[in-house]
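The lines below spell out each chain.
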Amino acid sequence: DTKIWHLNPSALDMRLINQAAAIIKRGGLVAFPTETVYGLGANGLDGKAVADIYRAKGRPSDNPLILHVADTNMVRELSKNLPPKATLLMKKFWPGPLTLVVPRASHIPREVTGGLATVAVRMPHHPVALALIKASGVPIAAPSANKSGRPSPTNAEHVKLDLQGCIDAILDGGPAGLGLESTVLDLTGAAPVILRPGGVTYEQLLEALGDVTIDPSALGERLSKDKAPRSPGMKYKHYAPAAPLILFEGEPEKVKAAIVERAEELLKGGKRVGILATEEHAQDYPPDSKILKIGSRKNPAGVAAMLFKRLREFDQLQVDVILTEGFETKGIGLAVMNRLRRAAGERIEC
Ligand code: TXA
Ligand code: MG
């Protein structure tokens, strides 16, 4: 059975933190909040414990994990020759939603890196996560704490639904802040490449580095079959609610009209239709559909924070199909569209 411990992030109960750290040290699994989404943690230097993460999530074991650290000294243990850009970015964006892919030290178990010559590291900006890592005294390997393929968990309830009974403990520190995962940036090539857009935006990285590109698979646009993604995780189905999701991209008024038309057609055919709608358009959709509001177009951070929660709510509503408005790929919008395009798979309409 899974223990569930409540923690107030601004007044940590160190007794609970130490109990959770004891589980990590003896090779167990603990889910914990970060500022992005909830993570499922294990001792990142214990290959057997890390293998249990894959088992609990049902995750393919060639998809490597992020090692979470509590300070930059821990990173120097994990990567013997850190690129100078890593030092600069750590200063500027840590703790925070930026994961750096760097050359790995040889003692890191292959279960963490999936056999790659690189390792992904990040220092989360959350008091519970940082206290847990410090008390454990080891880097904590942690993917998002969802069953593989499901939307990432943005609160402890989501973790419970996916993983209760499969892990040792859940630290409930309330809702995660950003609601989308960290940006994954590869620093091992000639120029930095964004492998997954996330909390730290392309625009912020461009300003800090002067030079950064986005891996085509990270845009989430349709992948051509012969182009293998550089981040192993990008080849798997992701973020998907139970019902098929159709994403409508383009100019907002046209998107609205296309969704109205499609919803009416589906409703006529007796389908239960879910619509993920902006506040600006929600009142214009057929009232027989199940409309969930994602917030205003004017507040992309609010949209990001609600996205995974809303996708999971459609499962509860048991709709047959989900129609979704698309967003601009500026700022955090790029991460939102990456997740929506991947949830939609091939079902993108313009
Ligand atoms: O915000 C986050 O990053 C959350 C919280 C818990 O920190 N974690 C998270 O982990 O989203 P996960 O496992 O769901 O996603 C990690 C991503 C995957 O796409 C994986 O393929 C990529 O990082 N990754 C990990 N190690 C890598 C490496 N050495 N080279 C390239 N990509 C790597
Ligand atoms: Mg994940």
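Before reading further, recall that the structure is shown in the block above.
Fair warning: this is a prediction, and the values are worked out from it, not measured in the lab. (Residues numbered from 1 in each chain as written. Chains lettered and ligands numbered in written order. Predicted model: local features only at pLDDT ≥ 70, side-chain atom pairs only at ≥ 80, totals over all residues. Heavy atoms only, no water.)

1. Looking at empty space enclosed by the protein
Turning to step 1, where the next piece is worked out: Applying the stated rule across the entire model yields one cavity of 30 Å³ or more.
Turning to step 2, where the next piece is worked out: Taken as a whole, the largest cavity holds about 30 Å³ of empty space.
Turning to step 3, where the next piece is worked out: Lining the largest cavity we find Thr183, Ile194, Pro197, Gly198, Val200, Thr201, Tyr202, Gly331 and Leu334.
Turning to step 4, where the next piece is worked out: Among the residues making up the lining of the largest cavity, the classes are represented as five nonpolar, four polar and no charged. (1 Å grid on protein atoms, 1.4 Å probe; cavity = no way out; pocket = protein on both sides within 12 Å on 5 of 7 lines; lining within 4 Å. Points joined across faces, edges and corners; volume = space filled by probe spheres on them. Nonpolar A, V, L, I, M, F, W, Y, C, P; charged D, E, K, R; others polar.)

2. Notes on the sheet that holds strand S1 (residues 3–6)
By definition, the strands of a sheet pair up through backbone hydrogen bonds, in either a parallel or an antiparallel sense.
Turning to step 1, where the next piece is worked out: The strand order across the open sheet formed by eleven strands is S1-S8-S2-S3-S7-S4-S6-S5-S9-S10-S11, and the pairing between neighbours is mixed. Across the chains shown, the open sheet's two edge strands, defined by having one partner strand only, are S1 and strand S11 (213–214).
Turning to step 2, where the next piece is worked out: Bridge analysis of strand S3 (residues 39–43) against strand S7 (residues 140–141) gives two bridges, and the strand direction is antiparallel. Residue Asn43 lies in a different strand from S7, and its bridge partner there is Ile140. (Pairing = 2+ DSSP bridges. Helix = DSSP H or I, 4+ residues; strand = E, 2+ residues; numbered from the N terminus.)

3. Thoughts on the nonpolar core
Turning to step 1, where the next piece is worked out: Judged by nonpolar contacts, the single largest core of 67 residues is most densely connected at Leu100 and Leu185.
Turning to step 2, where the next piece is worked out: Apart from the residues within four sequence positions on either side, Leu100 is in contact with Ala86, Leu89, Met90, Trp94, Val119, Ala120, Val121, Leu185 and Leu187.
Turning to step 3, where the next piece is worked out: Residues Leu245, Val319, Val336 and Met337 belong to the second largest nonpolar core, which totals 25 residues. (Core = buried A, V, L, I, M, F, W, Y, C linked by side-chain atoms within 4.5 Å. Buried < 20%, exposed > 50% of the residue type's maximum accessible area, 1.4 Å probe, protein only. Contact = heavy atoms within 4.5 Å.)

4. A word on the site of ligand 1
Turning to step 1, where the next piece is worked out: As a structural note, the neighbourhood of ligand 1 is formed by 26 residues, with Thr36, Asn63, His68, Ser182 and Arg196 the closest of them.
Turning to step 2, where the next piece is worked out: Take Arg59: an N or O atom from its side chain is 2.9 Å from an oxygen atom of ligand 1.
Turning to step 3, where the next piece is worked out: Between ligand 1 and Ser144 there is a distance of 3.1 Å, counted from an oxygen atom to a side-chain nitrogen or oxygen.
Turning to step 4, where the next piece is worked out: Sorting the residues of the shell around ligand 1 by element identifies strand S4 (66–68), strand S6 (118–122) and strand S10 (193–196) as the ones contributing at least two each.
Turning to step 5, where the next piece is worked out: Sorting elements by how many residues they give to the shell around ligand 1 places S6 first, with four residues.
Turning to step 6, where the next piece is worked out: Across the shell around ligand 1, the residue classes tally to 13 nonpolar, nine polar and four charged. (Near = heavy atom within 4 Å. Polar contact = N/O pair within 3.5 Å; in protein donor to acceptor, adjacent residues only side chain to side chain.)

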